[in-house]
Amino acid sequence: MTTVSDADDVRRLALSLPETEEIDSDGFDFRVAGKGFVWSYPERLPGKPRVIRTDVAVLYVGDEAEKQALLLGEPDMFFTTPGYDGLPLVMLRLEQTSPERLRELITDAWRMRAPDDVEAGLTAGLDSELR
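Reading guide: rules and limits
Residues numbered from 1 in each chain as written. Predicted model: local features only at pLDDT ≥ 70, side-chain atom pairs only at ≥ 80, totals over all residues. Heavy atoms only, no water. Helix = DSSP H or I, 4+ residues; strand = E, 2+ residues; numbered from the N terminus. Buried < 20%, exposed > 50% of the residue type's maximum accessible area, 1.4 Å probe, protein only. Phe/Tyr/Trp six-rings, centres within 6.5 Å; stacked < 30°, edge-to-face > 60°. Lys NZ or Arg CZ within 6 Å of the ring centre and 35° of its normal.

Enquirer: I'd like to hear about unusual backbone geometry, residue by residue, with values.
Expert: For E19, which is not glycine, the phi dihedral falls at a positive 60°. Positionally, E19 belongs in the loop between helix 1 (7-15) and strand 1 (20-22). At A33, a position not held by glycine, the phi torsion is positive, near 55°. Examined against the element boundaries, A33 turns out to sit in the loop between strand 2 (29-32) and strand 3 (35-43). Owing to a relative accessible area of 47%, A33 belongs among the partly exposed residues under this scheme.

Enquirer: Which residues make up the packing of aromatic side chains, and what are the values?
Expert: Tallied over the entire structure, the rule returns three aromatic pairs. Geometrically, the ring pair formed by Y41 and Y84 is tilted, given 6.5 Å between the ring centres and 45° between the ring planes. Of the two residues, Y41 sits in strand 3 while Y84 sits in the loop between strand 5 (78-79) and strand 6 (89-93), which places them 43 residues apart along the sequence. Among the residues examined, Y41 registers a relative accessible area of 6% and is labelled buried. Taken together, the ring pairs connect Y41, F79 and Y84 into an aromatic cluster. For the cation-ring pair, R113 lies above Y60, with the distance from its terminal atom to the ring centre recorded as 4.1 Å.

What follows is the structure in structure tokens.
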């Protein structure tokens, strides 16, 4: 049996990263230096009110090349919608994601959004843990 991830895992992992703040929302919404790096998917279906999906995370991925690599490489985990066309964001199905993979994805998203001095502090901390 493979362990899958959920919103509690997103919260735990995001809050373990330096200078992360959680924004009040109906789901989860995490930022570093005022920049979002992972949040609940606000699903919008035509003619229906927006629904906050805590089983799907929106991740900042940096650029279109990384977005396409994730979408093509792991289509069971990642998807997108027309509303995110041209944006460096992907949606992640948490039930398809191991906690280890989730940690990697959230940390990568955080690194791309964190100021250099904050990101350097995380790298130094990880380096010392590995010694």
